[in-house]
Amino acid sequence: MKRVLSAQLAGFMVRAASLLVPRRDRSSWTAEWTAELWHLCHPHGCESCVAPDADPVEFSLGAFHDAFWLRCDRIRSDGLPILQSGSAARCAFLLSATAIGALLVCLCLPGARSALLPLPWRGAGNLVMISSNGYAGTQAPSIRLTDYEEWTTDTATLFTQIAFYRPIDKSVHLPRHPAARLSVAQASDNLFQLLDGPVTYAGTSVAEPGEPRLVLTRSAWRRIYSGDPHLVGRTADIDGRPVLIAAIMPDSDWRFPGHIDAVMLDNPANLAALPLGTRGFVIARIRNSAFPPPRGGWRKMVETSRGVTRGFDCISVTHLLGQPSSVFLFALLLACLALPATTALPLGDYPLRHRLLPGTVDARRWIFLAVKFALVLVIVDLWSTGLAYGLEPNDPIRVLYIQLATAFPALLFGFRWILQDQRRRCPQCLRLLSNPARVGQASCNFLSWNGTELFCARGHGLLHIPELPTSWFSTQRWLCLDPSWLCLFPENCSPSPGMI
Amino acid sequence: MPADAKLSHTAAMILQAIHAGQIYGFSVMEMTGLPSGTVYPAMRRLERDGLIVSKWEQQSIADAEQRPPRKYYRLTRTGRSTLDAVYKRYPLLEKMIPSPEVEQAVERR
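Residues numbered from 1 in each chain as written. Chains lettered and ligands numbered in written order. Predicted model: local features only at pLDDT ≥ 70, side-chain atom pairs only at ≥ 80, totals over all residues.

(A) View of the overall build of chain B. Helix and strand counts for chain B stand at seven helices and two strands. Traced from its N-terminal end to its C-terminal end, chain B shows the element sequence α-α-α-β-α-β-α-α-α. Across the 109 residues of chain B, 35% fall into the buried class. (Helix = DSSP H or I, 4+ residues; strand = E, 2+ residues; numbered from the N terminus. Buried ≥ 20, exposed ≤ 12 C-beta atoms within 10 Å, placed from the backbone.)

Okay, here's the thing in structure tokens:
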């Protein structure tokens, strides 16, 4: 009983070790070890190998060593799979390398990096931009300051907080630093509190009551002030007013329309002193009980304290800033629709349930196809995002157009390449087929077959591609070769059991 | 591999065992006392270097004996000349695993 169990365990170990063996040697290797194990476990079957005291499990442990040696030897002789020309591993490796390259490029471009990173604010789903003219109104200062001031009281039931900002160029003077012209977002002092982001203020204890605070972006701090480490806590002069430099924030923390070098947080009294016609952007945080966060644009009517009903559009910030992914999905949809019109979709005629093509081989083919699609999607998404934000980092509308214009053709050509590449691969080893040969001649009535034949260099089969699709031979056909042909192919000439 | 190439003692033992008529991996193990994890990789290395060749026995023979077919090994001409060169390096090899000719000579005496 114990011997039977150990024999079964040994058989299992041999099968497990066979997974380490290169595919083309596996059947022969497994057959040899199984035969040796059989003779070990059946000593009476062969007089020359009587081994009643031999332990099958101990014997099978050597199978792992043997399989590992065989794998290493194959790598030494053939090189790594990714170095073999035309191999599936090489194709996947090159696509992965391209995707990593695109990712690195995107990370190097500040605009593209911001587009890829998640929003830095807590509860960003509840943030909305208020516009008087839908999406178009979010790209330029469109809300009058007087409207904002009215809404701060009139919309208390809708929003927990509401903040205002307007981009403006200001001259900033600092002792021991030359005067600099900065693009400043003059904002209500609750802006960062509303956003609930990671910006913290250093040195607020020294701020005078009512004194505005300036939060510099990191790029402006480095570019204009050479990364002066003692800048935070000092007081700058902006338009003759003292402004405390309160913090340095990462550039990626500012995602709203308008390129800025700094945010100047001003108290309501100072904002109220601005000219009446001043226009800017308004951001609000929705009160959860008021209405569900809008998934895109949403119009809200509010009755003001003067009894007038006013309407405005709430545009979800996550939707607004997530436009690049929406555009990419739209480009993907267009490419999927255009693909059948530009190329044939069938991958060819393969023998179903063929004894020479086990299910795992077929599954591997489909997995490889899916991996190629996934990698091409990632590559196109990253490259189109990088290109769009690299060319027009400060114009969200142009960014979308550039991304659509680059992503659609890239996806279409990428998908065409994927299908063409898949059709030119051996379904068994997934290597590119080679040695194309033209067979036959076109006849007057097109009844004689003519086309191209390609070989798998490892002798797995032949691919017949018709020159002219006919009703009886419309797509390419794969012809499997049985192992007796393998000896003709030098790359795969390990004999199988029973071969003389 | 050249005939005067230096083989390790283990490889030389395995080569000598095959020459002595132990043509299956398991019988080489039995003769040399080496574990399977040493014998099989060494035989593959010897085969790769052209010192031995393997062949599957005929399916019909295995079927007649109701057992799986085995892979057997034999020396090549290069293997034989390498072995002759190896005897000079390991003089006791032939005494440890006598080759058929030596055995016949001993029996004749």
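(B) Local environment of the overall build of chain A. Assigned secondary structure in chain A consists of 13 helices and 15 strands. Buried positions account for 30% of the 500 residues belonging to chain A. Sequence separation of 24 or more characterises 69% of the internal contacts of chain A that already satisfy a separation of 6 or more. (Contact = placed C-beta atoms within 7 Å.)

(C) Expanded view of the environment of Leu-119 of chain A. Residues and elements named next belong to chain A. Along the chain, Leu-119 turns up in the loop between helix H5 (110-116) and strand S1 (127-131). Accessibility expressed as a C-beta count within 10 Å gives 19 for Leu-119, which makes it partly exposed. A C-alpha to C-alpha distance of 8.2 Å links Leu-119 and Arg-255, two positions 136 residues apart in sequence.

(D) The arrangement of helix H6 (residues 145-154) of chain A in detail. All names here are of chain A. For H6, the set of buried residues is Leu-145, Tyr-148 and Trp-151. Along the long axis of H6, the arc covered by the buried residues comes to 115°, so they all point the same way. Looking at the buried residues of H6, the elements they touch are strand S2 (143-144), strand S3 (159-174), helix H9 (268-272) and strand S9 (279-286). (Arc of directions from axis to C-beta.)

(E) Structural context of the environment of Phe-330 of chain A. Looking at the element boundaries, Phe-330 of chain A is found in helix H11 (residues 323-342). A count of 15 C-beta atoms within 10 Å places Phe-330 of chain A in the partly exposed class.

(F) Representation of the sheet that holds strand S15 (residues 477-480) of chain A. All names here are of chain A. Spatially, S12-S13-S14-S15 is the arrangement adopted by the four strands of the open sheet, whose pairing is antiparallel. Both edges of this open sheet fall to strand S12 (434-439) and S15, since each of them pairs with a single strand only. Strand after strand, the sheet turns through a mean of 25° between neighbouring axes, direction not considered. Pairing between strand S14 (residues 461-466) and S15: four bridges, direction antiparallel. Paired with His-464 across the two strands is Arg-477, which belongs to S15. (Pairing = 2+ DSSP bridges. Axes fitted to C-alpha atoms, helices over the stretch in contact; angles between N-to-C directions.)

(G) A look at helix H13 (residues 396-423) of chain A. With 28 residues, H13 of chain A ought to run about 40 Å at 1.5 Å a step, and its terminal C-alpha atoms sit 40 Å apart, in line with that. Three or more residues of H13 of chain A are buried, namely Pro-396, Val-399, Ile-402, Gln-403, Ala-407, Phe-408, Leu-411, Leu-412, Gly-414 and Phe-415 of chain A. (Expected span 1.5 Å × (residues − 1).)

(H) How the structure looks around unusual backbone geometry. All names here are of chain A. The residue Ser-226 is not glycine, and still its phi comes out positive at about 50°. Take Ser-226: it is sitting in the loop between helix H8 (218-225) and strand S6 (235-238). Given 9 C-beta atoms within a 10 Å radius, Ser-226 is considered exposed. The backbone of Leu-430 sits at a positive phi, close to 60°, despite the residue not being glycine.

(I) Summary view of the nonpolar core. Among the nonpolar cores identified, the biggest contains 55 residues, and Ala-187, Leu-214, Ala-262, Val-263, Met-264 and Val-282 of chain A are the most heavily contacted of them. Considering each element in turn, this core owes the most residues, seven residues, to strand S7 (residues 241-249) of chain A. Dropping the residues within four chain positions of it, Met-264 of chain A is found in contact with Val-184, Ala-185, Gln-186, Ala-187, Pro-212, Leu-214, Ile-238 and Val-243 of chain A. Of all hydrophobic cores here, the second largest spans 38 residues; its members include Ala-63 of chain A together with Ile-23, Leu-83 and Val-86 of chain B. (Core = buried A, V, L, I, M, F, W, Y, C linked by C-beta atoms within 7 Å.)

(J) Representation of the confidence of the model for chain B within the structure. All names here are of chain B. The predicted model of chain B has a mean per-residue pLDDT of 84, with 86% of residues at 70 or higher. At the level of individual helices and strands, chain B shows its lowest average pLDDT in helix H7 (residues 100-108), which scores 59, and its highest in helix H3 (residues 36-48), which scores 92. Interface scoring of the predicted complex returns ipTM 0.88; its pTM is 0.62. (pLDDT = per-residue confidence, 0-100.)

(K) Representation of the packing of helix H1 (residues 9-19) of chain B against helix H2 (residues 25-32) of chain B in the model. Residues and elements named next belong to chain B. Viewed as axis vectors pointing N to C, H1 and H2 meet at an angle of 115°, and their least axial separation amounts to 10 Å. When the interaxial angle is binned, H1 and H2 end up roughly perpendicular. Handedness of the crossing formed by H1 with H2: right-handed. Contact residues: H1 offers Met-13, Ile-14, Ala-17 and Ile-18, while H2 offers Val-28, Met-31 and Thr-32. (Parallel < 35°, antiparallel > 145°, perpendicular 65-115°, else oblique. Left-handed = near helix turned anticlockwise from the far one by under 90°.)

(L) Spotlight on the confidence of the model for chain A. The pLDDT averaged across chain A works out to 80; a share of 83% of its residues lies at or above 70. Put simply, strand S10 (residues 297-303) of chain A is where chain A has its lowest mean pLDDT, 66, and helix H4 (residues 88-108) of chain A is where it has its highest, 91.

(M) Layout of the packing of H2 of chain B against H3 of chain B. Residue and element names in this part refer to chain B. Axis separation between H2 and H3 bottoms out at 10 Å; the angle between their running directions is 125°. For the element pair H2 / H3, the angle class is oblique. Seen along the crossing, H2 lies across H3 with a hand that is right-handed. Residues Gly-25, Val-28, Met-29 and Thr-32 of H2 touch H3, and the partners they reach there are Ser-36, Val-39, Tyr-40 and Met-43.

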